[in-house]
Amino acid sequence: DLFAAASERPHALALRSDEGVELTFAELSARAAGFLSRVPSLAPGARVAVHATNRASTFVALHALVAARVPFVLLHPRLAPAQSAALVLDAGCALALDDEALRALCAPSDAVLSPTTGPAIERAPLAVLYTSGSSGAPKGAVLSRRAFTASAAASERALGLTERDRWLLALPVCHIGGLSVLTRCLAARCAVLLHARFDADRVLESVVRDGATVLSVVPTMLHGLL
């Protein structure tokens, strides 16, 4: 988890975003602790809706919620207010955070993240992602902590991830492909190079400048890079 990563590799790079934010695991842990100290107390099992953009504030908030074992519901930032409200209601969220709120809650802090007490429940939900609704109303897919743990372990074995890797992420964090990169890099204790959006020229520049070793793309993105 984030607490363990901050203890094991406090000065190692955890995040470098193209908006100019750079955080070590210790700094990421401190910002996550600050976030948790600023959000209202949540009852056990309460869900938090997050308008997930590819910004450092979203990255910090999601890591904080994972560390605190608070399930979150990812909302696409381009959803209309009425659509977002309907999903928040459907998921039974106790709190909904937009981009402005996330930036305020994830400001630098002197707070210290403590290890979460009590047994980890691997079957407990980590995230809820909604389907596109192409064949009806969007449906919330509840994904367990165990699913992300298994995915991270499989990715680490298949790719041979090490602490020296840097994973460039230009996929949307609000989708499973983007979200999984956060948990996989945390498990491997390696860095995420976060891009607000995909731009072929900027991605290629970042690969060279920032030393990216892993890059997630869909076919359209790959065509643009080639």
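Refer to the structure printed above.
Cut-offs used in this document
Residues numbered from 1 in each chain as written. Predicted model: local features only at pLDDT ≥ 70, side-chain atom pairs only at ≥ 80, totals over all residues. Heavy atoms only, no water. Axes fitted to C-alpha atoms, helices over the stretch in contact; angles between N-to-C directions. Helix = DSSP H or I, 4+ residues; strand = E, 2+ residues; numbered from the N terminus. Parallel < 35°, antiparallel > 145°, perpendicular 65-115°, else oblique. Contact = heavy atoms within 4.5 Å. Buried < 20%, exposed > 50% of the residue type's maximum accessible area, 1.4 Å probe, protein only. Pairing = 2+ DSSP bridges. Arc of directions from axis to C-beta. Polar contact = N/O pair within 3.5 Å; in protein donor to acceptor, adjacent residues only side chain to side chain. Core = buried A, V, L, I, M, F, W, Y, C linked by side-chain atoms within 4.5 Å. 1 Å grid on protein atoms, 1.4 Å probe; cavity = no way out; pocket = protein on both sides within 12 Å on 5 of 7 lines; lining within 4 Å. Points joined across faces, edges and corners; volume = space filled by probe spheres on them. Salt bridge = Lys/Arg side-chain N within 4 Å of Asp/Glu carboxyl O.

Q: What's the story with the packing of helix α6 (residues 145–159) against helix α7 (residues 176–188) in this structure? I'm lost.
A: Geometrically, a packed helix pair is captured by the angle between its two axes and the distance between the axes. For the pair α6 and α7, the least separation of the axes is 9 Å and the interaxial angle reads 70°. Taken as axis vectors, α6 and α7 run roughly perpendicular relative to one another. Between α6 and α7, the residues in contact are Phe148, Ser151, Ala152, Ser155 and Glu156 and Ile176, Leu179, Ser180, Thr183, Arg184, Ala187 and Ala188, respectively.

Q: Quick question: what am I supposed to make of the pairing of strand β3 (residues 47–51) here?
A: Regular strands place their side chains on alternate faces of the sheet. Among the 5 residues of β3, 4 are classified as buried, and the element is accordingly described as predominantly covered. Relative to strand β5 (residues 93–97), β3 runs parallel, the two being bridged by 4 bridges. Note on β5: the bridge partner recorded for Val50 is Leu97. Two elements, β3 and strand β4 (residues 72–75), share 4 bridges in a ladder whose sense is parallel. Each bridged residue has a counterpart across the sheet, and for His51 the counterpart in β4 is Leu75.

Q: I'm lost on helix α8 (residues 200–209) in this one. Help?
A: Every α-helix carries 3.6 residues per turn, so stepping three or four residues along brings you back to the same face. Turning to α8, its buried residues number three or more, namely Ala200, Val203 and Ser206. Take α8 and look down its axis: the buried residues cluster within an arc of 125°, on one side only. Looking at α8, the residues exposed on the side facing more than 90 degrees away from the buried face are Asp201, Val208 and Arg209. Turning to α8, the residues buried within the fold contact β8 (166–169), β9 (191–194), β10 (214–215) and α9 (219–225). Two to three positions downstream of the cap, the backbone nitrogen of Asp201 sits 3.2 Å from a side-chain oxygen, assigning the N-cap of α8 to Asp199. Following α8 by one or two positions, Gly211 adopts a phi angle in the positive range, close to 70°.

Q: Is there a simple way to think about the sheet that holds β5 in this case?
A: The strands that make up a sheet are held in pairs by hydrogen bonds between backbone atoms, and each pair lies either parallel or antiparallel. If you trace the 5 strands from one edge of the open sheet to the other, you get β5-β3-β4-β6-β7, paired in mixed fashion. On the outer flanks of this sheet lie β5 and β7 (140–144), each paired with one strand and no other. Neighbour-to-neighbour, the strand axes of the sheet open up by a mean angle of 25°, direction not taken into account. Pairing of strand β6 (residues 125–130) with β7, which is carried by 5 bridges, proceeds in the antiparallel orientation. Looking at the pairing, Leu129 lines up with Ala141 of β7. Packing of α7 onto the sheet brings it into contact with β4, β6 and β7, and relative to β6 it is tilted by some 160°.

Q: Hey, could you run me through the nonpolar core in this one?
A: The nonpolar side chains of a soluble globular protein tend to be buried, and buried together. Leu2, Phe35, Val50, Leu62, Phe72, Leu169 and Leu179 are the most contacted members of the largest nonpolar core, which has 62 residues in total. The biggest single contributor to this core is helix α3 (residues 56–67), with 9 residues. Judged by nonpolar contacts, the second largest core, of 9 residues, contains Ala49, Val73, Leu87 and Cys93.

Q: What should I look at first to understand empty space enclosed by the protein in this one?
A: If a probe the size of a water molecule is rolled over the atoms, the empty space left behind becomes visible. Tallied over the entire structure, the rule returns 2 cavities of 30 Å³ or more. In this structure, the largest cavity occupies an estimated 50 Å³ of space. Contributing to the lining of the largest cavity are Ala14, Phe25, Leu28, Phe59, His63, Leu182, Cys185, Leu186, Cys190 and Val192. For the lining of the largest cavity, the elements supplying multiple residues, two or more each, are α2 (25–38), α3 and α7.

Q: What should I look at first to understand the sheet that holds strand β2 (residues 22–24) in this one?
A: With mixed pairing, 5 strands are arranged side by side in an open sheet as β2-β1-β9-β8-β10. A single partner strand is all that each edge strand has here, and the edge strands are β2 and β10. Here β8 runs beside β10; their pairing, made up of 2 bridges, is parallel. Its bridge partner being in β10, Leu168 is matched across the sheet by Leu215. With respect to the sheet, α7 is in contact with β8 and β9, its orientation differing from that of β8 by roughly 165°.

Q: Sorry if this is basic, but what is going on with the pattern of salt bridges here?
A: Between side chains of opposite charge, pairing is possible as soon as their charged atoms come close. Per the counting criterion, the structure on display carries 8 salt bridges. Note that Asp210 and Arg16 form a salt bridge whose closest N and O atoms lie 3.3 Å from each other. A residue pair is termed long-range when its members are at least 10 positions apart, and Asp210 in the loop between α8 and β10 and Arg16 in strand β1 (residues 13–17) qualify at 194 residues. Given a relative accessible area of 9%, Asp210 falls into the buried group. A salt bridge links Asp99 to Arg103, with the shortest nitrogen-to-oxygen separation between them at 3.3 Å. Of this pair, Asp99 and Arg103 are both found in helix α5 (residues 99–105), 4 residues apart, which corresponds to roughly one turn of the helix. Note on Asp99: relative accessible area 18%, which makes it buried. Since its relative accessible area comes to 48%, Arg103 is described here as partly exposed.

In short, geometric facts, not functional conclusions.
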